[in-house]
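Analysis of the macromolecular model
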Amino acid sequence: MNTIEVKNLKRIYRTTTGVIRRKHKDVVAVEDISFDIKEGELFGLLGPNGAGKTTSVKVLATLLIPDAGEVRVKGLDIVKDANEVRKQIGFIFGGERGLYWRLSGIDNLRYFASLYHVDPDLSKKRIPELLELVGLEGRGDERVQGYSRGMKQRLHVARTLLHDPDILFLDEPTIGLDPVGAREFREVIRNLQSEKKTILLTTHYMFEADSLCDRVAVIDKGLIVALDTPSALKKHVRDLSVVEIETFGIAPQKVDEIRALPFVDALSTREQDQRQVLLVQTERGAEAVPDLMSALDGMRVGRVTVREPTLEDAYVRLVGGKV
Amino acid sequence: MKFKNIVTYWRTVLTVAEITLRHQWNDSFILFAILIQPMIIAVLALFMLRGTGEDYAMFVVVGSGLTGLWSSLLFISGNSINGEHWQGTLEALVAAPIPFEVIVFGKNLANVVQSLLSMTTSYLLAALIFGYSLNITSPLLFIGSVLLSVLAFISFGLIIAPLFIMYRGIQQWQNAMEFPVYILAGFLFPIALLPSWTTPISYILPPYWAARALHETSTGAGDFDKIIFAWGMMLIFSVVDLFVSSKLFKLMLHKARVDATLETV
């Protein structure tokens with residue numbers, strides 16, 4: 001049974017500039033997307049910045065009204081039955097905001113419990129349980145302003161679970177967390193998955209989607225460009241190899257020149273300290289290295305490695321190799 | 001509205017009010033608006049009215065309390081939705097299954113209760129520092145007037161908050177709206193001293209009826225008919241304000257979901 005149904009969703013943002021001669025401009029955030037999420041499934045939504053991930057989640061969380069299309073949560077229309085939908089869902093948007101910093105963790109949870117019709121006796125029992133679940137036991141009496149980013153994010157999870165929703169929307173929940181915090185957070189998501197919650201997760205981190213999600217939709221420029229299991233998505237690039245080349249101070253024009261080489265299927269770059277790592281997808285594997293080196297002639301080059309493609313590489317290829 | 005809903009909403013209102021009070025006591029501006037500013041006004045007025053009699057002192061105590069109520073309503077309740085915006089908590093509140101106006105009602109209750117502290121402070125100031133013996137003409141009716149004033153102020157605040165969000169132009173006049181209401185509502189002196197053309201304006205302001213009931217029961221003759229009339233006006237204004245505000249909140253939230261303004265300020 002499908003818990004979430006999205007059919008031909010479209011959402012436009014209208015901006016206005018000028019005071020006297022006002023100019024209106026439409027920005028299409030979501031062009032036309034459709035997908036279903038089954039009960040108990042952990043569904044990933046991947047895409048570059050501005051692809052329409054957060055907009056889609058906000059429509060599902062009843063915070064935005066779509067311009068076209070139909071969105072249903074447990075069969076309920078998110079516009080007409082917004083209030084009923086809200087009882088069934090919980091959401092987390094990445095970042096530290098969304099909590100009352102001058103209040104303790106427990107007071108934050110008491111406050112939100114009252115907004116979700118949680119019986120006071122039940123919330124007294126549930127709050128310590130949730131604090132333990134998210135690893136904040138013993139810290140609930142402290143003011144949130146003294147919490148680390150990871151602790152705030154975990155408090156968000158506790159807040160989201162107060163009314164025990166069946167459906168969770170997690171929008172880039174690990175953004176800005178240190179590696180240890182992000183790993184702990186992924187463990188929390190796995191626990192939620194084992195409780196049969198239906199989860200929609202958006203993330204930039206491919207390994208996160210790879211390790212957590214049952215299915216993944218890759219979204220780019222407001223359209224879904226691929227939707228499958230992580231292993232099936234990786235098959236898109238199974239005939240390719242990835243050549244990783246460390247460079248120092250490479251110009252964007254040079255990157256475009258290499259991208260245009262006939263044997264290059266897709267190319268993305270990753271900044272690492274002072275270095276720019278080129279990730280070149282090619283069918284030629286190690287044989288492409290000499291040609292790539294000659295294309296980089298005169299540039300300072302560091303380590304060069306050839307490896308098997310990952311979900312991230314599949315994603316890069318799906319969104320046009322320009323990440 | 002079902003009885004179960006009313007119980008749930010009331011429980012939420014009380015929790016929101018309690019947590020709002022805890023949250024606000026760490027904010028020095030709020031302490032200034034509800035405690036220090038009314039004290040300054042009370043001291044100025046008490047000095048000016050020294051020697052004019054005990055009744056004037058009590059009039060000033062009640063009046064300065066009302067100034068605290070109005071200021072808190074205008075600045076704290078009026079900005080309450082904006083405040084949630086700035087903290088990034090607005091989306092979480094809107095996405096809760098409870099009507100948003102119930103949450104703002106709880107926040108306004110906290111603000112109004114806090115403001116009553118300023119009336120108590122002014123009372124103590126007049127009694128202990130200036131040595132007035134302050135008597136209330138009809139204590140029971142005075143308490144009744146306080147309770148109805150609380151309802152009238154909260155309901156009025158529920159109209160101001162969504163208007164400030166939907167029409168930013170109105171909010172620019174927020175500062176300019178503070179003192180005219182002190183004068184037009186007869187907080188610190190009777191409106192009979194004002195030109196007669198201002199009287200209709202006073203009549204459409206719920207704070208005027210609150211001031212009239214509170215002054216009549218504290219320093220006035222305690223005329224029962226006048227008091228009941230003021231109570232009736234406060235009740236009518238409260239019902240109308242609650243009805244209008246529920247429509248305004250629906251409109252504001254729909255507009256925010258269409259314009260995508262819940263997250264951005």
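Coordinates for the structure precede this section.
The rules behind the values
Residues numbered from 1 in each chain as written. Chains lettered and ligands numbered in written order. Predicted model: local features only at pLDDT ≥ 70, side-chain atom pairs only at ≥ 80, totals over all residues. Heavy atoms only, no water. Helix = DSSP H or I, 4+ residues; strand = E, 2+ residues; numbered from the N terminus. Rg over C-alpha atoms; globule rule 2.2 N^0.38 Å. Buried < 20%, exposed > 50% of the residue type's maximum accessible area, 1.4 Å probe, protein only. Contact = heavy atoms within 4.5 Å. Areas by Shrake-Rupley, 256 points an atom, 1.4 Å probe, with all protein chains shown as cover. Lys, Arg positive; Asp, Glu negative; His and termini not counted. Charge placed at Lys NZ, Arg CZ, Asp CG, Glu CD. Pairing = 2+ DSSP bridges. Axes fitted to C-alpha atoms, helices over the stretch in contact; angles between N-to-C directions. Polar contact = N/O pair within 3.5 Å; in protein donor to acceptor, adjacent residues only side chain to side chain. 1 Å grid on protein atoms, 1.4 Å probe; cavity = no way out; pocket = protein on both sides within 12 Å on 5 of 7 lines; lining within 4 Å. Points joined across faces, edges and corners; volume = space filled by probe spheres on them. Nonpolar A, V, L, I, M, F, W, Y, C, P; charged D, E, K, R; others polar. Phe/Tyr/Trp six-rings, centres within 6.5 Å; stacked < 30°, edge-to-face > 60°. Lys NZ or Arg CZ within 6 Å of the ring centre and 35° of its normal.

1. Brief notes about the overall build of chain B
Each helix and strand in chain B was counted, giving 12 helices and zero strands. The C-alpha atoms of chain B give a radius of gyration of 19 Å, which matches the 18 Å a tight globule of 265 residues would have. Split into buried and exposed, the 265 residues of chain B put 57% on the buried side. Within chain B, counting contacts between residues at least 6 apart in sequence, those at least 24 apart form 80% of the total. Carbon and sulfur atoms provide 72% of the accessible area of chain B, an area that totals close to 11700 Å². Between the averaged position of the 13 positive side-chain charges in chain B and that of its 14 negative side-chain charges there is a distance of 9 Å.

2. A few points about the sheet that holds strand β14 (residues 301-307) of chain A
Residues and elements named next belong to chain A. Strand order in the open sheet formed by four strands is β12-β13-β11-β14, with antiparallel pairing between adjacent strands. Every interior strand has two partners, whereas the edge strands, β12 (266-272) and β14, have only one. Each neighbouring strand pair of the sheet contributes to a mean axis angle of 20°, computed without reference to strand direction. Where strand β11 (residues 241-248) and β14 come together, five bridges link them in antiparallel fashion. Along β14, the bridge assignment pairs Thr247 with Val301. On the sheet, helix α9 (residues 252-259) packs against β12 and β13 (275-282) and is oriented at approximately 150° with respect to β12.

3. Examining the side chain of Ser114 of chain A
Structurally, the position occupied by Ser114 of chain A is in helix α3 (residues 105-115). Here Tyr111 of chain A takes part through its backbone oxygen, which lies 2.8 Å from a polar atom of the side chain of Ser114 of chain A. Apart from the residues within four sequence positions on either side, Ser114 of chain A is in contact with Thr12, Thr15, Val16 and Ile98 of chain B.

4. Concerning empty space enclosed by the protein
Residues and elements named next belong to chain A. On inspection of all chains with the given rule, the structure shows one cavity of 30 Å³ or more. Estimated volume of the largest cavity: approximately 30 Å³. Taken together, Glu172, Pro173, Thr174, Ile175, Thr203, His204 and Tyr205 make up the full set of residues lining the largest cavity. Here the residues of the lining of the largest cavity sort into three nonpolar, three polar and one charged.

5. Concerning the packing of aromatic side chains
Counted by the stated rule, this structure contains 14 aromatic pairs over all chains. An angle of 80° between the planes, with centres 5.1 Å apart, marks the rings of Tyr100 of chain A and Tyr111 of chain A as edge-to-face. Here Tyr100 of chain A is found in the loop between β6 (89-93) and α3, whereas its partner Tyr111 of chain A is found in helix α3, with 11 residues between them in sequence. Residue class for Tyr100 of chain A comes out buried when judged on its relative accessible area of 3%. The interplanar angle of 40° and the centroid separation of 6.0 Å between the aromatic rings of Tyr182 of chain B and Phe187 of chain B together place this pair among those described as tilted. We note that Tyr182 of chain B, like Phe187 of chain B, is buried. The structure contains a cluster of three or more aromatic residues connected by ring pairs, namely Tyr203, Tyr208, Trp209 and Phe229 of chain B. Against the face of Phe93 of chain A rests Lys58 of chain A, its NZ or CZ located 4.9 Å from the ring centre.

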